[in-house]
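An overview of the molecular structure
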Amino acid sequence: MTLHIDHDICLKEPNCPAALSCSTQALFYDPSDEKLFFNADRCNGCGLCVQKCAYRALSLFETTADLKAYLKKINEVRNDFQTKLEALLRLK
Ligand code: SF4
């Protein structure tokens, strides 16, 4: 399993409920970097962290290929949105 942490969305709270819910410490807050980290070797794929994150900053994937496909799709959607927004702003 692999976990994607969207650091743009994550509030980077030391007492993150998602990290605190992780029984294996695969997901943890690192005070020196002031953000969450994920250790795939420790993850059992329970999905509890994803359920606990109120901001939907976490996404769990079976394989890194699944994660890469997800990130590619996200980038395509963001680029499409930006292109449409820029075209719309040029009309004004
Ligand atoms: S899926 Fe379960 S074991 Fe893996 S990081 Fe999330 S809470 Fe921890």
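Residues numbered from 1 in each chain as written. Predicted model: local features only at pLDDT ≥ 70, side-chain atom pairs only at ≥ 80, totals over all residues.

Comments concerning the overall build of the chain
Stated formally: Put simply, DSSP H or I for four residues or longer makes a helix, DSSP E for two residues or longer makes a strand, and each gets a number counted from the N terminus. Radius of gyration here uses only the C-alpha atoms, and the compact-globule reference equals 2.2 Å multiplied by the residue count raised to the power 0.38. Burial is judged by counting other C-beta atoms within 10 Å of a residue's own C-beta: 20 or more means buried, 12 or fewer means exposed, and anything between counts as partly exposed, with every C-beta placed from the backbone. Here, residue contact means that the backbone-derived C-beta atoms of the two residues sit within 7 Å.
Within the chain, the regular secondary structure consists of three helices and four strands. Its helices and strands taken in sequence order, the chain reads β-α-β-β-α-β-α from the N to the C terminus. Rg of the C-alpha trace for the chain: 16 Å, well past the compact-globule value of 12 Å for 92 residues, more than 25% over. With the C-alpha coordinates aligned to their principal axes, the bounding extent of the chain is approximately 55 × 30 × 25 Å. When burial is assessed residue by residue, the chain has 13% of its 92 residues classed as buried. A fraction of 55% describes how many contacts in the chain between residues 6 or more apart in sequence connect residues 24 or more apart.

Things to note about the domain arrangement of the chain
How we decide: Domain segmentation is taken from an automatic or database assignment of domains. Three categories are distinguished: nonpolar for Ala, Val, Leu, Ile, Met, Phe, Trp, Tyr, Cys and Pro, charged for Asp, Glu, Lys and Arg, and polar for the others, with Gly belonging to the last.
When the domains of the chain are assigned, the result is domain 1 (1–61) and domain 2 (63–92). For domain 1 and domain 2, the distance between their C-alpha centroids amounts to 24 Å. If you look at the interface, domain 1 gives four residues, while domain 2 gives five residues. Those elements giving two or more residues to the side of domain 1 that touches domain 2 turn out to be strand E1 (2–5) and strand E4 (58–61). Looking at the side of domain 1 that touches domain 2 residue by residue, the class counts come to one nonpolar, three polar and no charged.

A look at the nonpolar core
How we decide: Working definition: the nonpolar core is a set of buried Ala, Val, Leu, Ile, Met, Phe, Trp, Tyr and Cys residues, joined through C-beta atoms within 7 Å.
Counting residues in hydrophobic clusters, the biggest one holds twelve residues: Leu-3, Cys-16, Ala-18, Ala-19, Cys-22, Ala-26, Leu-27, Leu-36, Cys-49, Cys-53, Ala-57 and Leu-58. Ignoring anything within four residues of it in the chain, the contact list for Ala-19 reads Leu-27, Phe-28, Tyr-29 and Leu-36.

What about unusual backbone geometry?
Positive phi outside glycine occurs at Lys-12, with the angle close to 55 degrees. In this structure, Lys-12 sits in the loop between E1 and helix H1 (17–21). One non-glycine residue, Glu-34, adopts positive backbone phi at about 55 degrees. Within the element layout of this structure, Glu-34 appears in the loop between strand E2 (27–30) and strand E3 (35–38).

Regarding the environment of Ala-18
Checked against the element boundaries, Ala-18 lands in helix H1. The spacing of Ala-18 and Val-50 is 32 residues in sequence and 6.9 Å in space, taken between C-alpha atoms. With near-sequence residues (within four places) excluded, Ala-18 lies in contact with Leu-27, Cys-49, Lys-52, Cys-53 and Leu-58.

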